[in-house]
Amino acid sequence: MAILKKEEAQVLLKKVLGFSKADECAVRLGGREGGNIRYARNAVSTAGDMSTLELTVRSTFGKRTGSTTINEFDDASLEKAVRRSEELAQLAPEDPEHMPLLGPQTYQESVTYVPATAAITPDTRAAAVAKSIQVSKEEKLEAAGFLENSTTFEAMMNSKGLFAYNTNTDVIFSVTTRNQAGTGSGYAARGYNDISKLDTYTATKIAASKANGSADAKAIEPGKYTVILEPVAAAYMMENMFRALDARNADEGRSFMSKPGGGNRLGEQLMDEKVTIYSDPFHPELPVSTWNNEGAPLEKISWIEKGTVKNLAYSRFWAQKKGVKPVPGPSNIIMEGGNASLEELIKSTERGILVSRLWYIRMVDPQTLLLTGLTRDGTFYIENGVIKHPIKNFRFNESPVIMLNNVEALGKPERTISVESYRSYLIPPMKLRDFTFTSLSDAV
C-alpha cells in the first residue's frame, strides 16, 4: 500500500478533506518503498527493506494553523486526525506571515520515475555490492559502502481545489576504500533516478585508485595554489551558496547576497563569466518533481548567468511584502561547464593540486560565505600536467564566491551526490587559481 496510484491518492485525500470544518485545510500524502545494503571490511553488515505511508493534515482558522501526522487509514483514524489538527489550530498563536492556500494549478508531468529502478530487488542490490567488494579485494583494499534504492510518491490536496501528484525513483551508492596500513583512502559516490546508469564496479575502481595512489603522502607548504576540484569536492564547496539564493535572507542582511546599506545584489556580477547555474525539473540527467511543498509549479529558472545574479528565491509572503512575483527556491542545481575531461584539466596545469573530496565544512562568515574544512580521500600534487605524488591533506579557508571569481577552466558536468545532504547535483570539475590552504592535516 506504500505506493498509491494517482487516482487512489486522489480518492483518499478527498475523503480526508470531507471531514474538515476549518477555514482552510491542506492534506499531504507520501509513501516510500525500497531497501538498502551496508558493507564494511569487504563484507555485508546489514541489509533491509522499508515500506512507509504517511498522511499530514494542516487545518487553519484565520491565521492559526495546527497539523497532525498519522499512518493509519481507516475512516475513524482519518477523521480523528482532522479533528486533532483543528484543535491544535485553535490553540496556536496567530502567524503574522500566514498566506492563504493556493488554488488549482497546472503542472507538467515529471520524468522522475523509472520502472527499472522501481523493480530493484535485494538480489539486485547484493549483485551491485558484490562488484564493489570484488574490486576492493582485487586491489588488496578494505571497502565500506552503502547502497539504497527507493520508490516514492507524493500527493497533496487542499480545500481551495489544488491537487498535485508525483512519483520518483532513486538509487544512491557511496564507497570508501582504504589500504590495510591506513595510509591511503579513496572515495566515490553516485546517485541516479535510473539504475541502469549505476556502475558500482567502475566507481569502486576510481576509489581504489585513489586509495592506492594516496599512500605515502608528502607534506608541502600551505598557501595559495591552483586547484582542480573534482565534481564531488566542488558540490560540497558550493552547497552553502546554493542554500543562500534567497531574497529575504539577502534583504535582511543575513547572506552573501546582501547589499551594504540594505537590499540584495540581484543583477550584479559576482562571479566569473564562465559561471552559469540554473534549475530545471526536466533536465534528463537530474529530473525532479514539477511542484514544490506549497504546490507551486516549478519550471526552468536561471540563478547565475555568466556570473551575474539573475534570480533569487522569493517566498509568497516576502514577494507580497516586496511587491514582486513569487519565485520558488531551487528545485535542483545544474552548473554549466565545458567539454574537457578531468584528465585534460590536469594536463593543462603547470603546478597545482588535485582535490578529490572535501569534508567537515563549517561556516566562518555568512556574509562573505567564508568556509573552512579539510581535504580527504586523495589529494595530489600536479607538475607539468602530470600527477607527481600524493600530498598530505590540508585545511582550507575559502569562499565559494571568491572561488568562482577565480575560474580558469570548467570540465564536463557530472551528476554527483552529497551523502551529507542526500542531494544530487550536476557539477563540472573546476580548475581554479589562488585557492587558500591554511594548514596541514595528518588525517588520511
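Residues numbered from 1 in each chain as written. Predicted model: local features only at pLDDT ≥ 70, side-chain atom pairs only at ≥ 80, totals over all residues. Heavy atoms only, no water.

## Focus on the pattern of salt bridges
- Evaluated as defined, the whole model comprises 25 salt bridges.
- For Arg84, the salt bridge identified is with Glu87, shortest N-O distance 3.3 Å. Pair noted here: Arg84 and Glu87 are both in helix 2 (residues 75–91), with a separation of three residues, about one helical turn.
- Among the residues examined, Arg84 registers a relative accessible area of 42% and is labelled partly exposed.
- Where Glu252 meets Arg248, a salt bridge forms, and the shortest distance between an N and an O atom there is 3.2 Å. (Salt bridge = Lys/Arg side-chain N within 4 Å of Asp/Glu carboxyl O. Helix = DSSP H or I, 4+ residues; strand = E, 2+ residues; numbered from the N terminus. Buried < 20%, exposed > 50% of the residue type's maximum accessible area, 1.4 Å probe, protein only.)

## What about the nonpolar core?
- Formed by 62 residues in total, the largest nonpolar core has its most connected members in Met238, Leu404, Ile427 and Met430.
- In terms of residues, this core owes the most to one element, helix 6 (residues 231–243), which gives nine residues.
- Those residues in contact with Met430, other than ones at most four positions away along the chain, are Val227, Ile228, Leu229, Ala234, Met238, Met335, Leu345, Met403, Leu404, Ala409 and Leu410.
- Membership of the second largest hydrophobic core comes to 23 residues, among which are Leu13, Cys25, Val57 and Ile70. (Core = buried A, V, L, I, M, F, W, Y, C linked by side-chain atoms within 4.5 Å. Contact = heavy atoms within 4.5 Å.)

## As for the pairing of strand 6 (residues 185–192)
- The element strand 6 is extensively covered by neighbouring structure, given that seven of its eight residues are classed as buried.
- In terms of strand pairing, strand 5 (residues 163–179) meets strand 6 through eight bridges, oriented antiparallel. Opposite Ile172, over in strand 6, you have Gly191 as the bridge partner. (Pairing = 2+ DSSP bridges.)

## Here we look at the sheet that holds strand 5
- With antiparallel pairing, six strands are arranged side by side in an open sheet as 3-2-1-4-5-6. Each end of this open sheet is capped by a strand with a single partner; those strands are strand 3 (64–70) and strand 6. Strand-to-strand twist across the sheet, computed as the mean angle between neighbouring axes with direction ignored, equals 15 degrees.
- Where strand 1 (residues 24–40) and strand 4 (residues 141–158) come together, 14 bridges link them in antiparallel fashion. Across the sheet, the residue bridging to Gly31 is Phe153, located in strand 4. (Axes fitted to C-alpha atoms, helices over the stretch in contact; angles between N-to-C directions.)

## A few points about the environment of Glu221
- For Glu221, the position within the fold is in the loop between helix 5 (200–213) and strand 7 (223–229).
- Residues Glu221 and Asn158, spaced 63 residues apart in sequence, show a C-alpha to C-alpha distance of 60 Å.

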